[in-house]
Amino acid sequence: DAGITQSPRHKVTETGTPVTLRCHQTENHRYMYWYRQDPGHGLRLIHYSYGVKDTDKGEVSDGYSVSRSKTEDFLLTLESATSSQTSVYFCAISGNRGGYTFGSGTRLTVV
Amino acid sequence: KQEVTQIPAALSVPEGENLVLNCSFTDSAIYNLQWFRQDPGKGLTSLLLIQSSQREQTSGRLNASLDKSSGRSTLYIAASQPGDSATYLCAVVSGSARQLTFGSGTQLTVLP
């Protein structure tokens, strides 16, 4: 989507290494979210942010941290990647009318 | 905790049929409901957004209804086409974080 971009699109990393995924928006929206999508589990919320430096946990936050130092950027960090964190990660933003827009996703493989 | 259920999990229809996808949610205190489409290996594309005060929204061959009091929504697809083949996801926004909770999706196949 034109207003939200994720990087990288694909990444392969080794168990135990730190990994940071980036979400960038150009819509100046207050709310930003990180989800993961796995077969059999659907989309699940990891962390979300409701403003600069304001973040909170979602339902599957263990092993993840986030940071938001600017309105436009929301970073997701896996401090020490594990194979269970192999997944597709989606960033989303929520606008004034409450509708969500999703990024194209990052496919992460932990070997 | 909000829970969203979608029925059926999979659906296969011949081209040209009209079809209905169902979504139900457990907590009626929602801000809005959104239908998405996801193609294999791709991201989520928003189809329709229904605010909690609205009863329905229409876009082209798609019509979504919302009955908040009963916790139900339907997505109606008219004159289905093979290009409609995808997974359709229903999601509701609720809670202080305005969190989006997803159903497991309906995998639709439209046969030529």
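Computed from a predicted structure; not experimentally measured.

> Explanation requested: the sheet that holds strand S8 (residues 73–78) of chain A in the structure shown.
One key point about sheets: their strands pair by backbone hydrogen bonds, in either a parallel or an antiparallel sense. All names here are of chain A. Read across the open sheet, the four strands follow the order S1-S3-S8-S7; overall the sheet is antiparallel. Both edges of this open sheet fall to strand S1 (4–7) and strand S7 (64–70), since each of them pairs with a single strand only. Neighbour to neighbour, the strand axes of the sheet diverge by 20° on average, direction disregarded. Direction of pairing for S1 relative to strand S3 (residues 19–25): antiparallel, over a ladder of four bridges. Looking at the pairing, glutamine 6 lines up with cysteine 23 of S3.

> Looking at this structure, I do not really get the packing of aromatic side chains. What am I missing?
In this structure the tally under the stated criterion is 13 aromatic pairs over all chains. A ring pair is formed by tyrosine 35 of chain A and phenylalanine 102 of chain A, whose centres lie 5.8 Å apart and whose planes are at 50°; its orientation type is tilted. Note that tyrosine 35 of chain A is positioned in strand S4 (residues 31–38) and phenylalanine 102 of chain A in strand S10 (residues 100–102), a separation of 67 residues in sequence. There is no split in this pair, since tyrosine 35 of chain A and phenylalanine 102 of chain A are both buried. Site record: aromatic cluster; members linked through ring pairs are Tyr31, Tyr33, Tyr35, Tyr48, Tyr50, Phe90, Tyr100 and Phe102 of chain A together with Phe36 and Phe102 of chain B. When the ring centre of tyrosine 31 of chain B is taken as origin, the NZ or CZ atom of arginine 98 of chain B, which lies over that ring, is 3.9 Å away.

> I tried to follow the interface of chain A and chain B on my own but got confused; where do I start?
In many analyses, interface size is given as the accessible surface area lost on bringing the parts together. Residue-level contacts link 17 residues of chain A with 20 residues of chain B. Buried area between chain A and chain B, both sides added, is near 1400 Å², and the carbon and sulfur share of it is 53%. Viewed at the interface, chain B and chain A are joined by zero salt bridges. Between the two partners, chain A and chain B, sit six residue pairs in polar contact (both at pLDDT 80 or more). Secondary structure elements with two or more residues in the side of chain A that touches chain B: S4, strand S5 (42–51) and S10 of chain A. The element contributing the most residues to the side of chain A that touches chain B is S4 of chain A, with four residues. Of the residues contributing to the side of chain A that touches chain B, the split by class is nine nonpolar, five polar and three charged.

> What am I meant to see in the side chain of threonine 106 of chain B here?
All names here are of chain B. Along the chain, threonine 106 falls in strand S11 (residues 106–111). With a relative accessible area of 0%, threonine 106 lands in the buried category. For threonine 106, the side chain forms a polar contact with the main-chain oxygen of proline 8, separated by 2.5 Å. With near-sequence residues (within four places) excluded, threonine 106 lies in contact with Gln6, Ile7, Pro8, Ala9, Leu11, Leu21, Ala86, Thr87 and Tyr88.

Criteria and cut-off values
- Residues numbered from 1 in each chain as written.
- Chains lettered and ligands numbered in written order.
- Predicted model: local features only at pLDDT ≥ 70, side-chain atom pairs only at ≥ 80, totals over all residues.
- Heavy atoms only, no water.
- Pairing = 2+ DSSP bridges.
- Helix = DSSP H or I, 4+ residues; strand = E, 2+ residues; numbered from the N terminus.
- Axes fitted to C-alpha atoms, helices over the stretch in contact; angles between N-to-C directions.
- Phe/Tyr/Trp six-rings, centres within 6.5 Å; stacked < 30°, edge-to-face > 60°.
- Buried < 20%, exposed > 50% of the residue type's maximum accessible area, 1.4 Å probe, protein only.
- Lys NZ or Arg CZ within 6 Å of the ring centre and 35° of its normal.
- Contact = heavy atoms within 4.5 Å.
- Buried area = accessible area lost by both parts, 1.4 Å probe.
- Salt bridge = Lys/Arg side-chain N within 4 Å of Asp/Glu carboxyl O.
- Polar contact = N/O pair within 3.5 Å; in protein donor to acceptor, adjacent residues only side chain to side chain.
- Nonpolar A, V, L, I, M, F, W, Y, C, P; charged D, E, K, R; others polar.

All we've got here are geometric facts, nothing functional implied.
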